[in-house]
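# A closer look at the structure
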Amino acid sequence: MKEFTYTVVDKDGMHARPAGRLAMCAKQYASNISVKANGKTADAKRVIALMMLGAVCGTTLTFSINGEDEERATLELENFCRTQWNIGGVVLNDETIEN
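These numbers were taken from a predicted model, which means no experiment stands behind them.

Rules behind the numbers
- Residues numbered from 1 in each chain as written.
- Predicted model: local features only at pLDDT ≥ 70, side-chain atom pairs only at ≥ 80, totals over all residues.
- Heavy atoms only, no water.
- Patch = residues over 30% accessible without salt bridge, like charges linked within 9 Å, V, L, I, M, F, W, Y side chains within 5 Å.
- Areas by Shrake-Rupley, 256 points an atom, 1.4 Å probe, with all protein chains shown as cover.
- Salt bridge = Lys/Arg side-chain N within 4 Å of Asp/Glu carboxyl O.
- Helix = DSSP H or I, 4+ residues; strand = E, 2+ residues; numbered from the N terminus.
- Expected span 1.5 Å × (residues − 1).
- Contact = heavy atoms within 4.5 Å.
- Phe/Tyr/Trp six-rings, centres within 6.5 Å; stacked < 30°, edge-to-face > 60°.
- Buried < 20%, exposed > 50% of the residue type's maximum accessible area, 1.4 Å probe, protein only.

### Some points on a nonpolar patch on the surface
- Taken together, the side chains of Ile48, Met51 and Met52 present a nonpolar region at the surface, about 310 Å² in accessible area.
- Considering the arrangement of structural elements, one finds Ile48 in helix H2 (residues 47–51).

Below, the structure written as structure tokens:
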């Protein structure tokens, strides 16, 4: 099992767009992928479950990945969080640069 954390830096938190993109990323892998925040746990492959975590800007998400492709899934999900979370910008060193 692999784990990593990510702190939401998007001022709008985890709304439909990043939740949908995160779920699409997670669905590429056979591993079980869960996200914990605010005392709740969600299946990372389910958009509504991710949105129900109530993750606002500053919330720390804990990702748990368990399965046959956990190494690859962990790398890709970490990359997603660092570079693709924000639709309108790119996250670099915890700063958002708007396009």
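### Considering helix H3 (residues 70–83)
- Counted at 1.5 Å a residue, the expected span for H3 with its 14 residues is 20 Å, and the 20 Å between its end C-alpha atoms agrees.
- Buried positions along H3 lie against strand S1 (2–7), helix H1 (16–26), strand S2 (32–37) and strand S4 (60–66).

### Looking at the pattern of salt bridges
- Within the structure shown, the criterion is met by two salt bridges.
- Note that Lys11 and Asp12 form a salt bridge whose closest N and O atoms lie 3.6 Å from each other.

### Quick notes on the packing of aromatic side chains
- For the structure on display, the rule yields one aromatic pair.
- Ring plane angle 5° and centroid distance 4.5 Å describe the contact between Phe4 and Phe63, whose orientation is recorded as stacked. In this pair, Phe4 sits in strand S1 while Phe63 sits in strand S4, placing the two residues 59 residues apart along the sequence. In this pair, the class of Phe4 matches that of Phe63, namely buried.

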